[in-house]
Amino acid sequence: MWLETTGASDRKAAGHMAKAAGPRSLVVGFRLAPEHPHPAQIDDAETAYRWLLAQGYEPRNIGSTGHSIGGTLAVMLPLRLLAKGEATPGAIISISPWADLTISNPKVDENEEHDKMLSRGILELFRAAWLQDPDVDFTAPASAS
């Protein structure tokens, strides 16, 4: 069972991946920022994971997957579960996750002329909308989950 943390627009892609790989797929339409800031999205992923466990799926038979911010959540879910000492999904597929909330990679500025979608200003805007709590230390993975 693939637990796909993604937006509703990706349901078709998730269905194609599940059909090609064999297992079923649960697409989680998590709450969006800024109306629902962090940690609402990871809470939604954890709720879906716990629902799958309640349905009888073994953790080793669950895959956590997503892309973009969904890819970030696909990794954050097992980190949160590990921090609680709980069993994690048996597989993770994280496609183009947002892995550096510090936005410290110099390529962000070097590529600004070519990458009109993910400039420093846009990334800072996204980060501020998502992590609205000033006490969240986004440089430490455990505190961001």
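Now for a look at the structure at hand. Bear in mind that the values here come from a model prediction, so they are computed numbers and not experimental data.

### Overview of the pairing of strand β4 (residues 91-95)
Item 1. Bridging between strand β3 (residues 63-67) and β4 involves five bridges; their strand directions are parallel. Of the residues in β4, the one forming a bridge with His-67 is Ile-95.
Item 2. The parallel pair β3 and β4, bridged by helix α3 (residues 69-83), forms a crossover whose chirality is right-handed.

### Observations concerning the layout of surface pockets
Item 1. In this structure, the largest pocket spans a volume of roughly 730 Å³.
Item 2. Every residue lining the largest pocket is counted, 23 residues in all, and those nearest its centre are Ser-68, Trp-98, Leu-118, Leu-123 and Phe-126.
Item 3. Considering each element in turn, the lining of the largest pocket owes the most residues, four residues, to helix α5 (residues 120-130).
Item 4. Looking at the lining of the largest pocket residue by residue, the class counts come to 14 nonpolar, five polar and four charged.

### Some details on the pattern of salt bridges
Item 1. Summed over the entire model, instances satisfying the criterion amount to 10 salt bridges.
Item 2. Between Glu-46 and Lys-84 there is a salt bridge, and its shortest N-O distance comes to 2.7 Å. Residue Glu-46 is found in helix α2 (residues 40-54), and its partner Lys-84 is found in the loop between α3 and β4; the two are separated by 38 residues along the sequence.
Item 3. Accessibility expressed as a relative area gives 8% for Glu-46, which makes it buried.
Item 4. Note on Lys-84: relative accessible area 45%, which makes it partly exposed.
Item 5. Between Glu-124 and Arg-120 there is a salt bridge, with its nearest N and O atoms 3.9 Å apart. Of this pair, Glu-124 and Arg-120 are both found in helix α5, four residues apart, which corresponds to roughly one turn of the helix.
Item 6. The network of salt bridges with common partners includes Asp-43, Glu-46, Arg-50, Arg-80, Lys-84 and Glu-86.

Rules of the game
- Residues numbered from 1 in each chain as written.
- Predicted model: local features only at pLDDT ≥ 70, side-chain atom pairs only at ≥ 80, totals over all residues.
- Heavy atoms only, no water.
- Pairing = 2+ DSSP bridges.
- Helix = DSSP H or I, 4+ residues; strand = E, 2+ residues; numbered from the N terminus.
- Right-handed = clockwise from strand over helix to strand, strands pointing away.
- 1 Å grid on protein atoms, 1.4 Å probe; cavity = no way out; pocket = protein on both sides within 12 Å on 5 of 7 lines; lining within 4 Å.
- Points joined across faces, edges and corners; volume = space filled by probe spheres on them.
- Nonpolar A, V, L, I, M, F, W, Y, C, P; charged D, E, K, R; others polar.
- Salt bridge = Lys/Arg side-chain N within 4 Å of Asp/Glu carboxyl O.
- Buried < 20%, exposed > 50% of the residue type's maximum accessible area, 1.4 Å probe, protein only.

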